[in-house]
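Reading the structure
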Amino acid sequence: MNHDEAEKLLGPYRDGELDLATCLKLEQHMADCPSCQQKLAGEQELVGLIQAETPRFKPSPFLKTRIQAALRGTAKPKWKWTYPIPLAFHELSILGSIAVIALLISVITPAALWLFSTSNSSRLAQEAVANHVRSLQVNHLMDVASTDQHTVKPWFAGKLDYSPQVVDLTPSGYPLIGGRLDVLDHRNVAAIVYQRRKHYINLFIWPIKEGSLHDRIYNQDGYHVLGWSKSGMNYLAVSEIGEKELREFVQMIQDQTIDSRPEE
């Protein structure tokens, strides 16, 4: 790794975005490069200073009281009833406010959960695209280069806390060419690499820990990402091939994936 390549990777290294092999190469370079060491230290110091100086605010302990008081004082009636009613108007106003709040909660809560799920999946898609591009730019597409699934799958033994399923789609025009370790969603994951003509497909696989991925396509900067979950595992396929071809690839992977749980 030369000096120019190392400088470009200092930011991702600082933020924990590099795969294990690239980290090792960068650290080997920095061991003999005082310039990169100094630049990295300066960036880390700046990040620490910003985090330390960024103000954080806590809600006032009287916030709940003020909200309740505001609800009690809402919508004064502009007319008077000429006949008695079961409840005073201000009581109806309070009940109406409560009903509106309850309705909003019933509508907003599922929407917020959906947005959170979508946002998380979108973040993973962006991270996967960055990993895909970086694997091509730094010439680290594979740690193990092989078209034999019985060579690629055992290579991950001892390197991950699970055993990814490796499918060979050579007869269908999507040959397996190898695999590597990568980092996605703050954990080490398996990246199985396939080829489609002159293009590459990265298939990231890792166990479901908190939530499943929805079957949907993401498009970013000319790259397509398709995520799904099956048998306790998350999958993200990334490539610059057309969306139709990527969906075809994913369907074949899904059809040949054995219905089993990941190893503990």
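1. What to know about unusual backbone geometry
Its identity is not glycine, yet Arg197 carries a phi of approximately 55 degrees, on the positive side. Examined against the element boundaries, Arg197 turns out to sit in the loop between strand 3 (187–196) and strand 4 (199–207). Overall, the relative accessible area of 53% leaves Arg197 in the exposed class. Even without a glycine there, the phi angle at Ser231 is positive, about 55 degrees.

2. Here's the deal with the side chain of Arg180
Tracing the sequence through the fold places Arg180 in strand 2 (residues 176–184). Within the structure, Arg180 has its side chain in polar contact with the backbone oxygen of Leu141 (distance 3.0 Å). Only 2.7 Å separates the side chain of Arg180 from the side chain of Asn202, close enough to count as a polar contact.

3. Brief notes about the nonpolar core
Counting 43 residues, the largest nonpolar core has Ile192, Tyr194, Leu203, Phe204 and Phe249 as the members making the most contacts within it. Beyond its immediate chain neighbours, meaning those up to four positions away, Ile192 contacts Val152, Phe156, Val166, Leu176, Gly178, Gly179, Ile201, Asn202, Leu203 and Ile205.

4. Examining the packing of aromatic side chains
What the rule picks out here adds up to four aromatic pairs. Aromatic pair Trp155 and Phe156: ring centres 5.1 Å apart, planes at 85 degrees, arrangement edge-to-face. When the ring of Tyr194 is compared with that of Phe249, the centres are 5.0 Å apart and the planes differ by 65 degrees; the resulting orientation is edge-to-face. Linking Tyr194 in strand 3 with Phe249 in helix 7 (residues 243–256), this pair joins segments that are 55 residues apart in sequence. Tyr194 gets classed as buried once you look at its relative accessible area, which sits at 1%. A relative accessible area of 0% places Phe249 in the buried class. Here the aromatic residues Tyr174, Tyr194 and Phe249 are joined through ring pairs into a cluster of three or more. The ring of Trp155 carries Lys159 above its face, with NZ or CZ at 4.4 Å from the centroid. Over the face of the ring belonging to Tyr174 we find Arg196, whose NZ or CZ atom lies 4.3 Å from the ring centre.

5. Considering the state of the cysteines
A full pass over the atoms with the stated rule returns zero disulfides. Counting only cysteine sulfurs, Cys33 is the nearest neighbor of Cys36, a cysteine outside any disulfide, at a range of 3.5 Å.

6. Notes on the pattern of salt bridges
This structure, assessed with the given rule, holds seven salt bridges. In this structure, Arg14 and Glu43 form a salt bridge, with 2.8 Å as the shortest nitrogen-oxygen distance. Remark: Glu43 occurs in helix 3 (residues 34–53) and Arg14 occurs in helix 1 (residues 3–14); sequence separation between them is 29 residues. Classification of Arg14 as partly exposed rests on a relative accessible area of 28%. Residue classification places Glu43 among the partly exposed positions, given a relative accessible area of 22%. In this structure, the salt-bridge partner of Arg187 is Asp161, at a minimum N-O distance of 2.7 Å. Separated by 26 residues along the polypeptide, Arg187 in strand 3 and Asp161 in the loop between helix 6 (149–155) and strand 2 bring together distant segments of the chain.

Rules behind the numbers
All residue numbers here refer to positions counted from 1 along the written sequence of the relevant chain. At least 70 in pLDDT is required for a residue's local features to be given in this predicted model, at least 80 for side-chain atom pairs to be given and counted, and no such filter applies to totals for whole chains, interfaces and linings, which use all residues. With hydrogens and water stripped out, all remaining heavy atoms of the structure feed into the side-chain values. Secondary structure counts use DSSP, requiring at least four H or I residues in a row for a helix and at least two E residues in a row for a strand, with both numbered from the N terminus. A 1.4 Å probe rolled over the protein chains alone gives each residue an accessible area, and that area as a share of the maximum for its type sets the label: buried under 20%, exposed over 50%, partly exposed in between. Polar contacts, as used here, are pairs of N or O atoms within 3.5 Å; protein pairs need one atom able to donate a hydrogen and one able to accept it. Residues neighboring in sequence count only if both atoms are side-chain atoms. Buried residues of nine kinds, namely Ala, Val, Leu, Ile, Met, Phe, Trp, Tyr and Cys, make up a nonpolar core once their side-chain atoms join them within 4.5 Å. Any two residues whose heavy atoms approach within 4.5 Å at even a single point are treated as in contact. What counts as a ring pair is set by centres within 6.5 Å for rings of Phe, Tyr and Trp (its six-membered ring), and what kind of pair is set by the plane angle: stacked under 30 degrees, edge-to-face over 60, tilted for all other angles. Here, over-ring charges are defined by two tests on the NZ atom of lysine or the CZ atom of arginine: distance to the ring centre within 6 Å, and angle to the ring normal within 35 degrees. For this text, the term disulfide refers to a pair of cysteine sulfurs within 2.5 Å. Definition used for salt bridges: Asp or Glu carboxyl oxygen within 4 Å of a side-chain nitrogen of Lys or Arg.

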